[in-house]
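# Secondary and tertiary structure notes
If you want the building blocks of each chain, they are given just below.
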Amino acid sequence: MTYEEILSDANNLYKAYKASVKGSKWKETTQKFMMNFLRYIFSIQEEILDRSLQNGPTEEFTLSERGRIRPITSIRIKDRIVRHVLCDDILLPEVKKHIIYDNGASIKGRGISHQRDRFEVHLRKYYRLYGNEGWILFGDFTKFYDNIIHEIAKRELLKLFNDDEFIDWLLTLIFDGFKIDVSYMTDDEYANCMTDTFNKLEYRSIPKEQLTGEKWMEKSVNIGDQLSQVIGIYYPYRIDNYVKYVRSQKYYGRYMDDWYIMNPNKEELLDLLDNIRKIAQELGIHINEKKTRIV
């Protein structure tokens, strides 16, 4: 099957519909969708085949997670169905072939418990070799999702599919919905917006009348969107490969924007960090210097 056939397959769309309404059946919008789900599914199928699919409206809210306030963007059920098929049946099977085992976020069978277990495995193996002597580099990316560059993310995902024309069309459509209206910025701010650290939580305090649609920033993906999770897994893969394969660091793991490396040599960790900074800069990723430390 072609990627277009996979995404437009009625059985795949129905499976995605079941996943999309799970946990939100109490909502009025979900109940209305469920009453006419077959009609909606075939409408989505038709829009995919004739390339008339469009991004739907979104809702914004904040979520407190372990004391951290996160800006969440919720998409409508129709868009969630498309994302489920795209991510579950097309992107993730290919992405999983190209990421390291110790990158465990948002992957079925891994997750946070798996990552904790791997950290413990690394500690035990390290202790058997080196005892208590040595160092751990704890790293963190600042506003990771807020600063993912669309052009780079799309380019890297397309490489997995040999620049397939259909995947290109669909990703272009979805990334267009991620664009940020930065009309409030001065010309100097706009000129540097792709390299400066962007904070979406602060952005939401900008008065709506200043967002006139004159300037757009093609950076940042929405927390709450399944595609963003897949992007978060894959986007820093060059850093993972550099540490794990080029530098042969056995005791390395990453969970989205948090990562660690264990090594008996502090100087080697400092060198690793310098090179990670260089790759991160090329990707537009900002190292959180306050949380990144060697202990």
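Residues numbered from 1 in each chain as written. Predicted model: local features only at pLDDT ≥ 70, side-chain atom pairs only at ≥ 80, totals over all residues. Heavy atoms only, no water.

## What about the environment of L38?
- Locating L38 in the fold gives a position in helix 4 (residues 37-49).
- Between the C-alpha atoms of L38 and D187, which are 149 residues apart in sequence, the distance is 49 Å. (Helix = DSSP H or I, 4+ residues; strand = E, 2+ residues; numbered from the N terminus.)

## Some words on helix 4
- With 13 residues, helix 4 should cover 18 Å at 1.5 Å per step; its first-to-last C-alpha distance of 18 Å lies within 8% of that length.
- R51 sits one or two residues past helix 4 and shows a positive phi near 60°. (Expected span 1.5 Å × (residues − 1).)

## Brief notes about the pairing of strand 1 (residues 58-65)
- By the bridge criterion, eight bridges tie strand 1 to strand 2 (residues 68-75) in an arrangement that is antiparallel. Considered in strand 2, the bridge of T58 is made with I75. (Pairing = 2+ DSSP bridges.)

## A look at the packing of helix 8 (residues 165-178) against helix 11 (residues 226-234)
- For the pair helix 8 and helix 11, the least separation of the axes is 12 Å and the interaxial angle reads 100°. By the angle class used here, helix 8 and helix 11 are roughly perpendicular. Residues L171, I174, F175 and F178 of helix 8 lie in contact with helix 11, whose contacting residues are L227, S228 and I231.
- Its residues assigned to classes, the contact of helix 8 with helix 11 shows six nonpolar, one polar and no charged. (Axes fitted to C-alpha atoms, helices over the stretch in contact; angles between N-to-C directions. Parallel < 35°, antiparallel > 145°, perpendicular 65-115°, else oblique. Contact = heavy atoms within 4.5 Å. Nonpolar A, V, L, I, M, F, W, Y, C, P; charged D, E, K, R; others polar.)

## Structural notes on the packing of aromatic side chains
- Enumeration according to the criterion identifies 17 aromatic pairs in this entry.
- Where F33 meets Y40, the ring centres are 4.4 Å apart and the plane angle is 10°; that geometry is what we call stacked.
- Overall, the relative accessible area of 8% leaves F33 in the buried class.
- Relative to W259, the ring of F141 lies with its centre 5.8 Å away and its plane at 40°, an arrangement referred to as tilted. Of this pair, F141 sits in strand 3 (residues 135-142) while W259 sits in strand 7 (residues 258-263), and the two are 118 residues apart along the sequence.
- A relative accessible area of 2% means that F141 is categorised as buried.
- An aromatic cluster is present here, built from Y14, Y17, F33, F37 and Y40 joined pairwise through their rings.
- Across the ring face of Y40, the terminal group of R39 is positioned such that the distance to the ring centre comes to 5.0 Å.
- The ring centre of W169 lies 5.0 Å from the NZ or CZ of R51, which sits over that ring. (Phe/Tyr/Trp six-rings, centres within 6.5 Å; stacked < 30°, edge-to-face > 60°. Buried < 20%, exposed > 50% of the residue type's maximum accessible area, 1.4 Å probe, protein only. Lys NZ or Arg CZ within 6 Å of the ring centre and 35° of its normal.)

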